[in-house]
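Examination of the molecular architecture
Listed below, chain by chain, are the residues.
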Amino acid sequence: MIHKFYLNSFYIITDINSGSVFSVDPCAYQIVDYIKTPMTEACPSDIIGALKDNYTVEEIKETYDELYSLYCNDSLFSEDSYELLAGRLGPGPIKSMCLNVAHDCNMSCGYCFASQGNFGQDRSLMSVETGIAAIDFLMKHSGKRRNLEVDFFGGEPLMNIEVVKKIVSYARSIEDANNKCFRFTITTNGLLLNDEIAGFINDEMSNVVLSIDGRKEVNDALRTRVDGRGSHDSILPKFQNLVSKRDDKEYYARGTYTKYNLDFSEDVLHLFHHGFDQISIEPAITDGTMDYSLTPSDLPRIFEEYEKLAKIIIDIKKRGEQINFFHFMLDLEQGPCVFKRLRGCSCGNEYVAVTPDGDVYPCHQFVGNDDWIMGNVIQGKLNSEIKEKFSKATVFDKECCNDCWAKFYCSGGCNANNYTYNGSILSPHHFSCEIEKKRLECAIMMKVALAE
Amino acid sequence: MKHIKIINKPNLKKSAQTGGCGECQASCQSACKTSCTVANQKCEK
């Protein structure tokens, strides 16, 4: 399977099963439409006949020969040999945990998927005992995996920062003896950040996600405090202070865009001009019924904005400045292996979320739906049936993915969105698919542009 | 080649032999928590 597209004056061909990417001239771009496999060594006469009004016969034959040489070394029209691999995949060790240390929040963001922090449940904070039980649960189910991730999430995790510190301290105290390496991350709205907490985060967290939507008017329209006031002017300097002392450790200034800011490249630039060079701005995914909801009719405008943003980032990089937009990151050479690409985030299998009550869910986005409780860390229970179900959710098991060019880049999308909006973890959320495909095209185009 | 510039060589099939250690980061955990993008993740090897 190949996918070809024209973007920002580049003709690009990707070979899906081999991972190859080519920047080509218009002749090669047209010839691939006529190629039938298995390719023959000599250029078929029907290809020459179809294109001879546009190119010379010599040019067509020369280009065909180049395409044929790529075909011969399995770089073009490469066969799919992964379906058998996918069939052999099964439950794996748990290596990643989202710890919802606070089902409470000091903000009341309009688009919050966590129902303003409590996930539709009682407002509560995780106890130290439950946090320690969660770490023990992760250790017990991690098998031989050495690197274990724990993300402190909420609600707002800084509302329970003392418990976070104790959980980190406990995990650190047992990691060497068990040959484990904990990587902690935290996601915060920033309101409670101070120098002391920023220092703790910079010392202990391998990544920190700083929630801010961009321009003041955009941020304050939906990222509001409980009393309705905006948060931009309070959190911006706190985030800048944290990042200024973070050295080269990972962080993301992470925002959400909605129908209110379809010009979201301006929000990326706002963050960049305020000193942030690691940026993620994501679409709010909803059922389409809210005033701010993105809908399929917005897709052309969204695509246009991603293309604009890609060109802006190319210019910034060509000036020698550093900027990284999360959804345009693409490591073509040293990216994930095909096993990783078959199952995506691996929620419910290698990744789980834990609530303040110790209940285990497939991921943070399933929290609040009792049907998906798959265990409890205090009782030490784990439902192997649900784990098995998620372990088998590969791109070959999902509707439409098998025929999609993006399957080894996106790996089947977000299972939670699939379930929430299409009723099954195996039914891809098409709106998200369309956005993901555009981001991938932009990311591949940027590789081509920066290789010029 | 005159008409084609190789941006990335074939590497996915090779990863079927060398990959699968499972030590990499969970993709949703890394920066977004609301979507799944895998190809931007790092390999731990």
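No experiment lies behind these values; they were computed from the predicted model shown.

With respect to the confidence of the model for chain B
When pLDDT is low, close inspection of the predicted coordinates is not appropriate. For chain B, mean pLDDT is 83; residues scoring 70 or higher make up 89% of the total. As scored by the predictor, the complex reaches a pTM of 0.96 and an ipTM of 0.92.

Focus: the interface of chain A and chain B
On the chain B side, the residues contacting the 81 residues of chain A number 41 residues. Across the chain A to chain B interface the summed buried area is about 5100 Å²; carbon plus sulfur atoms make up 52%. On the chain A side of the interface with chain B, the three residues burying the most area are A:Glu66, A:Phe326 and A:Lys340, jointly 11% of the side's total. Between chain A and chain B we count four salt bridges in total. Across the salt bridge formed by B:Lys5 and A:Glu452, the nearest N and O atoms sit 3.9 Å from each other. Counting every contact that joins chain A to chain B gives 30 residue pairs in polar contact (both at pLDDT 80 or more). In terms of residues, the side of chain A that touches chain B owes the most to one element, helix 3 (residues 57-72) of chain A, which gives seven residues. Considering only residue class, the side of chain A that touches chain B consists of 32 nonpolar, 25 polar and 24 charged.

Concerning the sheet that holds strand 1 (residues 4-8) of chain B
Taken in spatial order, the four strands line up as 1(A)-2(A)-3(A)-1(B) in an open sheet, and their pairing is antiparallel. Since the sheet does not close on itself, it has two edges, and those belong to strand 1 (2-7) of chain A together with strand 1 of chain B, each with one partner. Pairwise comparison of adjacent strand axes, ignoring direction, gives a mean angle of 25 degrees for this sheet. The pairing of strand 1 of chain A with strand 2 (residues 10-15) of chain A spans six bridges and is antiparallel. Bridging across to strand 2 of chain A, A:Ile2 finds its partner in A:Asp15. Against the sheet, helix 16 (residues 430-450) of chain A engages strand 1, strand 2 and strand 3 (20-24) of chain A together with strand 1 of chain B, with an angle of about 70 degrees to strand 1 of chain A.

Comments concerning the packing of aromatic side chains
All names here are of chain A. One pass over the structure, following the stated rule, counts 23 aromatic pairs over all chains. When the ring of Trp-405 is compared with that of Tyr-409, the centres are 6.2 Å apart and the planes differ by 65 degrees; the resulting orientation is edge-to-face. Here Trp-405 matches Tyr-409 in class, with each residue buried. Aromatic ring contacts, followed pair by pair, group Tyr-257, Phe-264, Tyr-306, Phe-325 and Phe-328 into a single cluster. Sitting above the plane of the Tyr-29 ring, Lys-4 keeps its charged end 4.0 Å from the centroid. Over the ring of Phe-200 we find Lys-165, and its NZ or CZ is 5.9 Å from the ring centre.

Topic: the pairing of strand 12 (residues 351-354) of chain A
Residues and elements named next belong to chain A. Side chains Tyr-351 and Ala-353 project from strand 12 onto one buried face, and the interleaved Val-352 and Val-354 project onto a second face that is buried too. Direction of pairing for strand 4 (residues 96-103) relative to strand 12: parallel, over a ladder of four bridges. Its bridge partner being in strand 12, Cys-98 is matched across the sheet by Ala-353. Linking two consecutive strands that pair antiparallel, namely strand 12 and strand 13 (residues 359-361), is a turn of four residues; a positive phi of about 90 degrees is found at Gly-358 within it.

Some thoughts on the packing of helix 5 (residues 128-141) of chain A against helix 6 (residues 161-175) of chain A
Residue and element names in this part refer to chain A. Running from amino to carboxyl end, helix 5 crosses helix 6 at an angle of 35 degrees, the nearest separation of the two axes being 9 Å. In terms of crossing hand, the pair formed by helix 5 and helix 6 is right-handed. Of the residues in helix 6, those in contact with Val-128, Gly-131, Ile-132, Ile-135, Asp-136 and Met-139 of helix 5 are Val-163, Lys-166, Ile-167, Tyr-170, Ala-171 and Ile-174. When its residues are assigned to classes, the contact of helix 5 with helix 6 shows nine nonpolar, one polar and two charged.

A closer look at the layout of surface pockets
Taken as a whole, the largest pocket encloses approximately 980 Å³ of empty space. As for the largest pocket, its lining consists of 46 residues, and the residues nearest its centre are A:Tyr111, A:Cys112, A:Phe113, A:Ala114 and B:Thr34. Residue assignment for the lining of the largest pocket shows that the elements contributing at least two residues are strand 6 (147-154), strand 7 (181-188), strand 8 (205-211), strand 9 (250-257), strand 10 (278-283) and helix 15 (415-422) of chain A. Ranked by residues supplied to the lining of the largest pocket, first place goes to helix 15 of chain A with five residues. Its residues assigned to classes, the lining of the largest pocket comprises 22 nonpolar, 18 polar and six charged. Listing elements by their share of the lining of the second largest pocket, those giving two or more residues are helix 12 (338-343) of chain A together with helix 1 (12-18) of chain B. In the lining of the second largest pocket, the residues fall into 10 nonpolar, 12 polar and 11 charged.

What to know about empty space enclosed by the protein
Tallied over the full model, the rule gives four cavities of 30 Å³ or more. Taken as a whole, the second largest cavity holds about 90 Å³ of empty space. Lining the second largest cavity are 13 residues, with A:Gly19, A:Leu332, A:Arg341, A:Tyr409 and B:Asn11 sitting closest to its centre. In terms of residue class, the lining of the second largest cavity is built from seven nonpolar, three polar and three charged.

Reading the values: rules and limits
Residues numbered from 1 in each chain as written. Chains lettered and ligands numbered in written order. Predicted model: local features only at pLDDT ≥ 70, side-chain atom pairs only at ≥ 80, totals over all residues. Heavy atoms only, no water. pLDDT = per-residue confidence, 0-100. Contact = heavy atoms within 4.5 Å. Buried area = accessible area lost by both parts, 1.4 Å probe. Salt bridge = Lys/Arg side-chain N within 4 Å of Asp/Glu carboxyl O. Polar contact = N/O pair within 3.5 Å; in protein donor to acceptor, adjacent residues only side chain to side chain. Helix = DSSP H or I, 4+ residues; strand = E, 2+ residues; numbered from the N terminus. Nonpolar A, V, L, I, M, F, W, Y, C, P; charged D, E, K, R; others polar. Pairing = 2+ DSSP bridges. Axes fitted to C-alpha atoms, helices over the stretch in contact; angles between N-to-C directions. Phe/Tyr/Trp six-rings, centres within 6.5 Å; stacked < 30°, edge-to-face > 60°. Buried < 20%, exposed > 50% of the residue type's maximum accessible area, 1.4 Å probe, protein only. Lys NZ or Arg CZ within 6 Å of the ring centre and 35° of its normal. Left-handed = near helix turned anticlockwise from the far one by under 90°. 1 Å grid on protein atoms, 1.4 Å probe; cavity = no way out; pocket = protein on both sides within 12 Å on 5 of 7 lines; lining within 4 Å. Points joined across faces, edges and corners; volume = space filled by probe spheres on them.

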